[in-house]
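Architecture at a glance
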Amino acid sequence: GENVEQHPSTLSVQEGDSAVIKCTYSDSASNYFPWYKQELGKRPQLIIDIRSNVGEKKDQRIAVTLNKTAKHFSLHITETQPEDSAVYFCAASMPGNTGKLIFGQGTTLQVKP
Amino acid sequence: NAGVMQNPRHLVRRRGQEARLRCSPVKGHSHVYWYRQLPEEGLKFMVYLQKENIIDESGMPKERFSAEFPKEGPSILRIQQVVRGDSAAYFCASSPDRGEAFFGQGTRLTVV
């Protein structure tokens, strides 16, 4: 079945630096790749997503890139701020268009002021 | 704009009791998903339901766990005879079209 690997598990950056989180997936039929931000004790919130017919998508300081051949997608956060500190999860849709998501293990991002 | 509503937010049960977790999807969303999150882990898919139908329950343990999404009312995730290993955060998500999923605040179940 589908498997999603996420790296690194923890990431510490200085305020203003960039942060990059990488994920790989196993099933080439996956076609939807969302990224969620989860603050301690709160719900996962969608921050950006990308579909397999697009290679890159950007929303202000956040961008996602997708390499379908390598089955690899990445989250890029530029000009990081302390409020970006949270756990970030990547996910890949399961084939079959059910909306079912397989999540990565999460990356704890700490932005130091 | 009422999002996905889950209740209770926190639930404590003794071993052997039943836990009932409720989820009201975003108005107009007919697709509901339940996920379980263990401490410091990612979310694991449990079950996908549409109104009155279980579409995919491949992630749900075959014993003690059941889910429903009746024609009227919220979706219910039911755990019978809870054990300590059931302690986790249970998140419900809804979607209008099996695309973008909106998550609720979760129910944190503690089994003592």
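Definitions and limits used
- Residues numbered from 1 in each chain as written.
- Chains lettered and ligands numbered in written order.
- Predicted model: local features only at pLDDT ≥ 70, side-chain atom pairs only at ≥ 80, totals over all residues.
- Heavy atoms only, no water.
- Buried < 20%, exposed > 50% of the residue type's maximum accessible area, 1.4 Å probe, protein only.
- Helix = DSSP H or I, 4+ residues; strand = E, 2+ residues; numbered from the N terminus.
- Pairing = 2+ DSSP bridges.
- Contact = heavy atoms within 4.5 Å.
- Salt bridge = Lys/Arg side-chain N within 4 Å of Asp/Glu carboxyl O.
- Polar contact = N/O pair within 3.5 Å; in protein donor to acceptor, adjacent residues only side chain to side chain.
- Nonpolar A, V, L, I, M, F, W, Y, C, P; charged D, E, K, R; others polar.
- Axes fitted to C-alpha atoms, helices over the stretch in contact; angles between N-to-C directions.

Description of the pairing of strand β11 (residues 107-112) of chain A
Residue and element names in this part refer to chain A. Only one face of β11 is covered, namely the face carrying Thr107, Leu109 and Val111; the face carrying Thr108, Gln110 and Lys112 is uncovered. Taken together, the 5 bridges between strand β2 (residues 10-14) and β11 define a ladder with parallel strand orientation. Along β11, the bridge assignment pairs Thr10 with Thr108. Bridge count between strand β9 (residues 86-93) and β11: 3 bridges; the pairing is antiparallel. For Tyr88, the partnering residue across the bridge sits in β11 and is Thr107.

Digging into the interface of chain A and chain B
Taken together, the 18 residues of chain A in the interface contact 21 residues of chain B. Our count for the chain A to chain B interface comes out at 1 salt bridge. The closest approach of N and O atoms between Asp56(B) and Lys100(A), which form a salt bridge, is 3.1 Å. For the interface between chain A and chain B, the tally reads 8 residue pairs in polar contact (both at pLDDT 80 or more). Breaking the side of chain A that touches chain B down by element, the ones donating at least two residues are β4 (32-38), β5 (45-51) and β10 (101-103) of chain A. The greatest single-element share of the side of chain A that touches chain B, amounting to 3 residues, is contributed by β4(A). Classifying every residue of the side of chain A that touches chain B gives 7 nonpolar, 7 polar and 4 charged.

Here's the deal with the sheet that holds strand β6 (residues 56-59) of chain A
All names here are of chain A. One open sheet holds the 5 strands; their spatial order is β1-β3-β8-β7-β6, and the pairing between them is antiparallel. What marks the edges here is a single partner per strand, and that holds for β1 (4-7) and β6. Across this sheet, the average inter-strand angle for adjacent strands is 15°, counted without regard to direction. Pairing of strand β7 (residues 62-67) with strand β8 (residues 72-77) involves 6 bridges; the strand directions are antiparallel. Bridge pairing in β8 links Thr65 to Ser74.

Structural notes on the side chain of Thr80(A)
Within the secondary structure, Thr80(A) sits in the loop between β8 and β9. Polar contacts involving the side chain of Thr80(A) include one to the main-chain carbonyl oxygen of Asp17(A), which spans 2.7 Å.

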